[in-house]
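Chain by chain, the residues:
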Amino acid sequence: MKIFLTFLTITLCIFFSACTSTPENVTKTDQLPPIFPDYTEVTIPVGIAPLNFNVIGEVNRVDVIIKGSKGGEVHTNGTWAAFDVEDWHRIVSANRGGKLTVTVCAKIDGKWIGYKDFDMYVSTYDLDEWGLTYRRIAPGYEVYSQMGIYQRDLNSFDEYTIIDNSEVYGMCINCHTSNRTHPDQFVFHVRGDHGATMVQQSGQREWLEATNDVLGGSMVYPYWHPSGQYCAFSTNQTRQGFHVTDPNRIEVFDISSDVFVYNPTTHEIISDSLLSTKEWSENCPVFSPDGRKLYFITCFQQSYPMHYKDEQYNLCSIDFNPESGTFGQKVDTLFNAVAIDKSLTWPKPSYDGRFLMFTLLDYGYFSIWHREAEQWLIDLETSEAHPIDEINSNEADSYHNWSANSRWVVFTSRRTNGLYSQLFLASIDENGHATKPFLLPQENPLKYYDETLYSFNTPDFTKDKVDFESSAAYREIENEKRIETKLK
């Protein structure tokens, strides 16, 4: 019996030693660790969820030590680098304005490999947002497959459903847009048999007629006036085309589109002949941070689908008077993309009024399918524009939005595999310089991004968690009671 117990003790010691093994006889290499996501040399905000990562390859064990330049140390040992949430937040907070040095060892074929250290930098810019909102959609084209609008706590890995289409057959949900990241005022559009435009203010919902005969289309691509008194929309007659061999795969174009402003108090549509023309397609309206200009994109209407590559948009603006709800008398061109044989889309001004971020591509405006699409920044004080080289990649970089303090951006990119659009965050300083972007953290990132076969799009920051009664909303969508809009 004593011999058996001794044997059992030795066996258990060997077992637990193997399960919790720490690096011994480490072979050093001057190579950086092959990790996913690539978090080397990224800049992160205080409060971000742990940047867990996997070491790529046939790895038996991973041992990671993080040391802060201003103090503190965190250690993790397991099948991937999974940091304790409280320990992570403690060391990141203590090293604001400093750096975290990461030491990685991996056990491969029973031998420990020690990789070259790398750094993460902790920004002095706060990210004063509770989280993100985004649409997640399966990569289908012909039908409305499973999709929804979700929100994610940036401090942790918790994700919550705002609304999805599981309860209403054939429903397409898109373009959740809040007012300057505040969740008490937001809008989204529902396509399909129960189509509508939903406007929620202080917990009260209104469902607007999905289409308007006078407008000639639905109310899409919304953007709130900073006062909350208005919301800008475009109305689009959208079509899709599919490529057989082109790597861009799909084209989205409009046979017509116009821009207008909606007053949710009076249910009135404010239109203007300068924003509703037959020869030109006006699209993607956004208000300036002071609310006295309306930016939008416009292109000369083409004959589709034959001349889809000739569809190229410029960035324009028109004055807007919020007191009277009227537009100015002329349209100004702010960036002439056509002059450089390009097209501009998704203009989004920073909330401090300094910059405007947009996506530049070869043609069209639906950039999420264009591999050449990249992010640009225009200085609204000098009118100078430049590509944001620090965040661009060889795959489609597209939909973007600013944090409320105008120091952080979130955008979509297909850079990880060329197939699925995923969310990246980066900081932009007062001079327009960006930091290396980092992929939205997940608890087990390789498993999550390999198994979650959905694309993320239309991301935005949210100051607090969005409060939305989805069960009541499903009933309201199906009963088809709608408010009619009218021209002012």
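It should be noted that the structure appears before, not after, this text.
Residues numbered from 1 in each chain as written. Predicted model: local features only at pLDDT ≥ 70, side-chain atom pairs only at ≥ 80, totals over all residues. Heavy atoms only, no water.

Overview of the overall build of the chain
Along the chain, the regular secondary structure elements total four helices and 36 strands. Sequence-distant contacts, at least 24 apart, represent 57% of the contacts inside the chain between residues at least 6 apart. For the chain, the accessible area works out to roughly 21,500 Å², and carbon and sulfur atoms hold 50% of it. (Helix = DSSP H or I, 4+ residues; strand = E, 2+ residues; numbered from the N terminus. Contact = heavy atoms within 4.5 Å. Areas by Shrake-Rupley, 256 points an atom, 1.4 Å probe, with all protein chains shown as cover.)

A word on the pattern of salt bridges
Evaluated as defined, the whole model comprises 17 salt bridges. Residues R205 and E476 are paired through a salt bridge, measuring 2.9 Å at the closest nitrogen-oxygen approach. Remark: E476 occurs in helix 4 (residues 470-479) and R205 occurs in strand 16 (residues 204-209); sequence separation between them is 271 residues. Judged by its relative accessible area of 19%, R205 falls in the buried class. As a salt-bridge pair, R292 and E323 come within 2.8 Å of each other at their nearest N and O atoms. Taken together, the residues span a long stretch of sequence, with R292 in the loop between strand 23 (280-287) and strand 24 (293-300) and E323 in the loop between strand 25 (314-321) and strand 26 (326-335) at a distance of 31 residues. (Salt bridge = Lys/Arg side-chain N within 4 Å of Asp/Glu carboxyl O. Buried < 20%, exposed > 50% of the residue type's maximum accessible area, 1.4 Å probe, protein only.)

Some words on the pairing of strand 33 (residues 422-427)
When a strand is regular, its side chains alternate between the sheet's two faces. Taken across its six residues, strand 33 has six buried, putting it largely inside the fold. Because side chains alternate across strand 33, one face comprises the buried residues Q422, F424 and A426, and the other comprises L423, L425 and S427, equally buried. Relative to strand 33, strand 32 (residues 408-413) is paired through six bridges, and the arrangement is antiparallel. Its bridge partner being in strand 33, S413 is matched across the sheet by Q422. (Pairing = 2+ DSSP bridges.)

Observations regarding empty space enclosed by the protein
According to the stated counting rule, one finds one cavity of 30 Å³ or more in the structure shown. Space inside the largest cavity adds up to approximately 40 Å³. Residue lining of the largest cavity: R180, Y223, W224, H225, P226, F287, S288, P289, P349 and Y351, and that is the complete set. Of the residues that constitute the lining of the largest cavity, the class distribution is seven nonpolar, two polar and one charged. (1 Å grid on protein atoms, 1.4 Å probe; cavity = no way out; pocket = protein on both sides within 12 Å on 5 of 7 lines; lining within 4 Å. Points joined across faces, edges and corners; volume = space filled by probe spheres on them. Nonpolar A, V, L, I, M, F, W, Y, C, P; charged D, E, K, R; others polar.)

What to know about the packing of aromatic side chains
Applying the stated criterion to the full structure yields 27 aromatic pairs. Measuring from ring centre to ring centre gives 6.4 Å for F186 and F188, while their planes differ by 25 degrees; the resulting arrangement is stacked. We note that F186, like F188, is buried. Here F188 and F468 contribute two aromatic rings whose centre-to-centre distance is 5.7 Å and whose plane-to-plane angle is 75 degrees, an arrangement assigned as edge-to-face. With F188 in strand 14 (residues 182-191) and F468 in the loop between strand 35 (455-462) and helix 4, the pair connects residues that are 280 residues apart, well separated along the chain. Relative accessible area serves as the criterion here: at 1%, F188 is assigned to the buried category. Residue F468 is classed as buried on the basis of its relative accessible area, which comes to 12%. Above the ring of W369, the side-chain terminus of R414 is found at 4.3 Å from the ring centroid. A cation over a ring is seen here: R415 above F424, with NZ or CZ 4.9 Å from the ring centre. (Phe/Tyr/Trp six-rings, centres within 6.5 Å; stacked < 30°, edge-to-face > 60°. Lys NZ or Arg CZ within 6 Å of the ring centre and 35° of its normal.)

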